[in-house]
Amino acid sequence: MKQAGFPLGILLLFWVSYVTDFSLVLLIKGGALSGTDTYQSLVNKTFGFPGYILLSVLQFLYPFIVDPENVFIGRHFIIGLSTVTFTLPLSLYRNIAKLGKVSLISTGLTTLILGIVMARAISLGPHVPKTEDAWVFAKPNAIQAVGVMSFAFICHHNSFLVYSSLEEPTVAKWSRLIHMSIVISVFICIFFATCGYLTFTGFTQGDLFENYCRNDDLVTFGRFCYGVTVILTYPMECFVTREVIANVFFGGNLSSVFHIVVTVMVITVATLVSLLIDCLGIVLELNGVLCATPLIFIIPSACYLKLSEEPRTHSDKIMSYVMLPIGAAVMVFGFVMAITNPQDCTHGQEMFYCFPDNFSLTNTSESHIQQTTQLSIVNISIFQ
């Protein structure tokens, strides 16, 4: 919302969710047309070995793209402990269906976190000054917003794993499941984005929890819940990365020993990444434009167009022809904008409105220049 503009941001969320829904169904249709049961084998059969390598790289890099300029920060004990205690054991499962109940818990916690964000929109929102351009229809950074939204909806890389875990998997059953899941997801995203943006407007950080004050016990509980959802969700990402390694280097099968070794290696690298980074915004943007965008917009459309024998006027083909250039544009321009104009990041510093002496800034009638000057003074005093 901050990057795209509030009204345009709502429209883009609906659009990205629709494209995600369409491309997920398209992906399984492509698998049915080609007689394949993994994303990699689909691309390999459609575009040969070069396409197979490209997709493998995208799927493998998805959990690991970071900002190389961040310094090592001191959260390693808690992250290491939670990784060894929870993330690693869950990631060692061979059957993704066993994570179903874990994913349900994660979904429940997400709903609880949403309730906390909505409550603080009411109680904290009036005390946070609104930026001058808070309600404009559109902003020039909308392409970056599409990248972040793509990151939020990306699940194509593990779609075949989930599809194969269904009882009696069919395209029709998969389509019903995807339609229901996307509808629920888009409304959760809209409520999160709207409540967060209405509370903080132009001060919104890449990680929404960075906006809240440290002495807020309710939000601290929300942070804990969010950490648990990450712990419970990451094993599904590990499944995909491990599958890529198994397919590329081990012919698709891992012995028990190599299964453990590869899992430990993937989790170790991911843990090191989480220790080295303290800005979520740049991760969302780069991952969104470099990995999520081609996995959502480009590759499913390209595979379907090459495999399908439907006429060019067929609705699926028309939509695929539209998605291809849009995905390419978002990927190229989004990457350039993410590098040249990254999101703001507090690097752990509390926001100015968390200090009682600064609540005078809530006067929304101030001019933009006066507010900017006061905020600069506040920021200087905070760092001092």
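Bear in mind the structure is a predicted one, so any value in this text is a computation, not a measurement. (Residues numbered from 1 in each chain as written. Predicted model: local features only at pLDDT ≥ 70, side-chain atom pairs only at ≥ 80, totals over all residues. Heavy atoms only, no water.)

K.L.:
Go over the overall build of the chain with me, naming the residues and quoting the values.
P.N.:
Broken down by element type, the chain carries twelve helices and zero strands. Each of the 384 residues in the chain was classed as buried or not, and the buried ones make up 48%. For the chain, restricting intrachain contacts to residue pairs at least 6 apart in sequence, the fraction spanning at least 24 positions comes to 82%. Accessible surface, the chain as shown: approximately 18600 Å² in total, 69% of it carbon and sulfur. (Helix = DSSP H or I, 4+ residues; strand = E, 2+ residues; numbered from the N terminus. Buried < 20%, exposed > 50% of the residue type's maximum accessible area, 1.4 Å probe, protein only. Contact = heavy atoms within 4.5 Å. Areas by Shrake-Rupley, 256 points an atom, 1.4 Å probe, with all protein chains shown as cover.)

K.L.:
Lay out helix α9 (residues 256–276) with the relevant residues and their values.
P.N.:
With 21 residues, α9 should cover 30 Å at 1.5 Å per step; its first-to-last C-alpha distance of 31 Å lies within 8% of that length. Within the span of α9, buried status applies to H259, V262, T263, V266, I267, A270, T271, V273 and L275. (Expected span 1.5 Å × (residues − 1).)

K.L.:
Describe the nonpolar core, naming the residues involved and giving the relevant values.
P.N.:
Judged by nonpolar contacts, the single largest core of 46 residues is most densely connected at L12, Y39, L295 and I299. Within the residue set of this core, elements represented by two or more residues are α1 (6–34), α2 (39–61), α5 (142–153), α6 (159–165), α7 (171–200), α10 (280–307) and α11 (315–340). Among the elements that take part in this core, α1 stands out by supplying 13 residues, more than any other. Each of domain 1 (4–64) and domain 2 (77–140 + 167–271) accounts for three or more of the residues forming this core. If we skip the residues at most four places from it in the chain, Y39 touches L27, L55, Q59, H156, H157, F160, L295, I299 and P300. (Core = buried A, V, L, I, M, F, W, Y, C linked by side-chain atoms within 4.5 Å. Domains from an automatic or database assignment.)

K.L.:
An account of the state of the cysteines is needed here, citing residue identities and associated values.
P.N.:
The tally for this structure, following the rule as stated, stands at one disulfide. Each sulfur in the disulfide pair C213 and C354 lies 2.1 Å from the other. Taking the torsion about the S-S bond as the criterion, the C213 to C354 disulfide, at about -95°, is left-handed. On the criterion of sequence distance, the pair formed by C213 in the loop between α7 and α8 (217–249) and C354 in the loop between α11 and α12 (368–383) is long-range, its members being 141 residues apart. No difference in accessibility class separates C213 from C354, as the two residues are buried. (Disulfide = S-S within 2.5 Å.)

K.L.:
Break down the packing of aromatic side chains for me, with residues and values.
P.N.:
Counted by the stated rule, this structure contains 15 aromatic pairs. With a centroid separation of 5.7 Å and an interplanar angle of 90°, the aromatic rings of Y163 and W174 are classed as edge-to-face. Within this pair, whereas Y163 is found in helix α6, its partner W174 is found in helix α7, the two being separated by eleven residues in sequence. With respect to class, Y163 is no different from W174; both count as buried. Geometrically, the ring pair formed by F200 and Y212 is edge-to-face, given 5.0 Å between the ring centres and 80° between the ring planes. Of this pair, F200 sits in helix α7 while Y212 sits in the loop between α7 and α8, placing them twelve residues apart in sequence. The same class applies to F200 as to Y212, namely buried. Among the aromatic residues, ring-to-ring pairing joins F200, F203, F209, Y212, Y226, F352 and Y353 into one connected group. (Phe/Tyr/Trp six-rings, centres within 6.5 Å; stacked < 30°, edge-to-face > 60°.)

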